[in-house]
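# Observations on the three-dimensional arrangement
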Amino acid sequence: MTPPPHPRRERRSPEIADTEAADPERLYVITGGPDGTERAPLDLVTMIVAREPASPTVPPEQAAIVRLCRAPLSVAEISAYLSLPFSVVTALLTELLATELVESRAPIARAALPDRSLLEAVMHGLQKL
């Protein structure tokens, strides 16, 4: 079974990307401004995966996140693909998490994985049975 392809990032001209990133009014409109609610505890390596497709009533930036996250992506990757600051992406993800369109997963810590030598020993033991 082949893994789903990674989303392709749209190529934008540097002038457009710089204009969009430097426009604080656009970012304010995207996030809805400060509403006083607490943001979800997300960091750059938190994995986000879509639970279901976005409805037509979902704002375009949030719908783009849901489409991107058909396969799990980190918050940093989402931020890079959409060319939006981390703080804006976390605001959008907080709303998506509240509506349960996406779910967040902590990354797998390397220390949580079993030792390779232990796995090899178990495998060799099973082969001798």
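Refer to the structure presented above.
The following refers to the structure shown. (Residues numbered from 1 in each chain as written. Predicted model: local features only at pLDDT ≥ 70, side-chain atom pairs only at ≥ 80, totals over all residues. Heavy atoms only, no water.)

## Looking at the pattern of salt bridges
Side chains that differ in charge, positive against negative, can pair when their charged atoms come close. Within the structure shown, the criterion is met by four salt bridges. Glu103 is the salt-bridge partner of Arg51, the closest N and O atoms lying 3.4 Å from each other. Placement of the pair is Arg51 in the loop between strand 1 (47–50) and helix 3 (60–68) and Glu103 in strand 3 (residues 102–105), with a sequence separation of 52 residues. Owing to a relative accessible area of 27%, Glu103 belongs among the partly exposed residues under this scheme. Ionic pairing is found between Glu120 and Arg116, a salt bridge with its closest N-O pair at 3.1 Å. In this pair, Glu120 and Arg116 both sit in helix 6 (residues 116–128), four residues apart, roughly one turn of the helix. Residue classification places Glu120 among the partly exposed positions, given a relative accessible area of 33%. Judged by relative accessible area, which is 63%, Arg116 ranks as exposed. The structure contains a network of salt bridges with shared partners spanning Arg51, Glu100, Glu103 and Arg105. (Salt bridge = Lys/Arg side-chain N within 4 Å of Asp/Glu carboxyl O. Helix = DSSP H or I, 4+ residues; strand = E, 2+ residues; numbered from the N terminus. Buried < 20%, exposed > 50% of the residue type's maximum accessible area, 1.4 Å probe, protein only.)

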